[in-house]
Amino acid sequence: MQANEPIAELAQWFQSARGMVVLTGAGMSAESGIPTFRDAQNGLWSQFDPEDLATAQAFRQDKALVWGWYVWRMAMVRAAQPHAGHWALTELATIKPSLSIITQNVDDLHERAGAKDVVHLHGSLFASRCFACGRLHEDVHLPPEAALKPSLRLMPPRCAHCDGYVRPGVVWFGELLPQLAWRKAERCATECDLLIAIGTSGLVFPAASLPGIARHRGAKVVEINPIRTPLSDQVDLSLRSTAGEALCRLVTVLKA
Ligand code: NAD
Ligand code: ZN
């Protein structure tokens, strides 16, 4: 392999980095069959308006629509498996223990591929909680497969403590990020020498500010995405590749 090949350059940066961050977005889960949000044909927002599904206001207005949509997404994630890129990323974290995985994804595919201490900036599909008192309700019943569709209407369960409605454990538009997770992400971005942004459109803030924070502090920033994004002009290296391909290749190069 030529030393100036992009993947070889990334491997060199990886080897010399002390602090390292991998920031993942919906594109990281795409190869596991989970649709991204903004893809023109299959993206979740090509069929639904985020305002109708991913805001507290939407939940107040039509609980059955919102809860049904999230139950469909929970079931889809339960049925999906981590892909080779998830496993490769876990291997990279073993090679470089200082690597922090920060994700915008609300699925658990990184964890199911063995990743530890993943920072979930936008919460988790599997941490439902009471809309009124905030208590966790992780034991959500998923209807049989045949009943599941994105337009499933399903009333959320009620909280055993206060009778409030149970809501999805994700961060909706207009809500604050979990502050511990955000502070950790900001610190990691500030202190790292290398940040790799994988499968994110770079449109949802404040997560989208992390690559800029890292670069401003002198870190190398690399993007892995099959298409150009608003981030592409602000990175040191863009790999036009899927998450699975790029991460598996990086592991191969590092082990060669
Ligand atoms: P996105 O859908 O905006 O972007 C996904 C990106 O992944 C695209 O740039 C696409 O080109 C890329 N991609 C597609 N396939 C890929 C592959 N195989 N490998 C690598 N890249 C691939 O998703 P985003 O940037 O993650 O969106 C921001 C965040 O907004 C979401 O992660 C989500 O947490 C949050 N959000 C949450 C809700 C909610 O329900 N609470 C709703 C909307 C958005
Ligand atoms: Zn309650």
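Let me begin by describing the structure that accompanies this report. (Residues numbered from 1 in each chain as written. Chains lettered and ligands numbered in written order. Predicted model: local features only at pLDDT ≥ 70, side-chain atom pairs only at ≥ 80, totals over all residues. Heavy atoms only, no water.)

Quick look at the coordination of the zinc ion (ligand 2)
Distances from the zinc ion (ligand 2) to its protein donors, namely Cys-130 (SG), Cys-133 (SG), Cys-159 (SG) and Cys-162 (SG), fall within the range 2.3 to 2.4 Å. What the four donor atoms of the zinc ion (ligand 2) show is an angle range of 96 to 118 degrees at the metal, which sorts the shape as tetrahedral. Motif for the zinc ion (ligand 2), donor spacing along one chain: C-x2-C-x25-C-x2-C. Here the residue Cys-133 occupies a position in the loop between strand E4 (129-130) and strand E5 (166-167), and Cys-159 occupies one in the loop between E4 and E5, the gap between them amounting to 26 residues. Of the residues examined, Cys-159 reaches a relative accessible area of 3% and is grouped as buried. (Donors = N, O, S within 2.8 Å, 3.2 Å for Na, K, Ca; no water. Tetrahedral: all angles 85-135°; square planar, octahedral: opposite > 155°, others 65-115°. Helix = DSSP H or I, 4+ residues; strand = E, 2+ residues; numbered from the N terminus. Buried < 20%, exposed > 50% of the residue type's maximum accessible area, 1.4 Å probe, protein only.)

Re the environment of Ala-197
Within the fold, Ala-197 resides in strand E6 (residues 194-198). Taking the C-alpha atoms as reference points, Ala-197 and Ala-243, separated by 46 residues in sequence, lie 9.9 Å from one another. What Ala-197 contacts, discounting residues up to four positions off in sequence, is Leu-23, Val-222, Glu-223, Ile-224 and Leu-231. (Contact = heavy atoms within 4.5 Å.)

Here we look at the sheet that holds strand E2 (residues 99-103)
Sheet architecture is open: six strands sit in the order E3-E2-E1-E6-E7-E8, paired in parallel fashion. Two strands in the sheet have a free side with no partner beyond their single neighbour: strand E3 (119-120) and strand E8 (237-239). Pairing geometry for strand E1 (residues 20-24) and E2, over five bridges, is parallel. Residue pairing in the sheet places Val-21 in a bridge with Ser-100 of E2. (Pairing = 2+ DSSP bridges.)

Remarks on the site of ligand 1
The environment of ligand 1 is formed by 29 residues, the closest being Arg-38, Tyr-70, Gln-104, His-122 and Ser-201. Between ligand 1 and Gln-104 there is a distance of 2.5 Å, counted from an oxygen atom to a backbone nitrogen or oxygen. If ligand 1 stood free it would expose 860 Å²; the protein chains cover 92% of that surface. Mapped by element, the contributors of at least two residues to the shell around ligand 1 are helix H2 (26-30) and helix H6 (63-79). Ranked by the residues each element gives to the shell around ligand 1, the list is headed by H2, at three residues. Tallied by class, the residues present in the shell around ligand 1 amount to 14 nonpolar, 12 polar and three charged. A domain split of the shell around ligand 1 shows at least three residues from each of domain 1 (1-33 + 81-124 + 176-256) and domain 2 (35-79 + 129-167). (Near = heavy atom within 4 Å. Polar contact = N/O pair within 3.5 Å; in protein donor to acceptor, adjacent residues only side chain to side chain. Areas by Shrake-Rupley, 256 points an atom, 1.4 Å probe, with all protein chains shown as cover. Nonpolar A, V, L, I, M, F, W, Y, C, P; charged D, E, K, R; others polar. Domains from an automatic or database assignment.)

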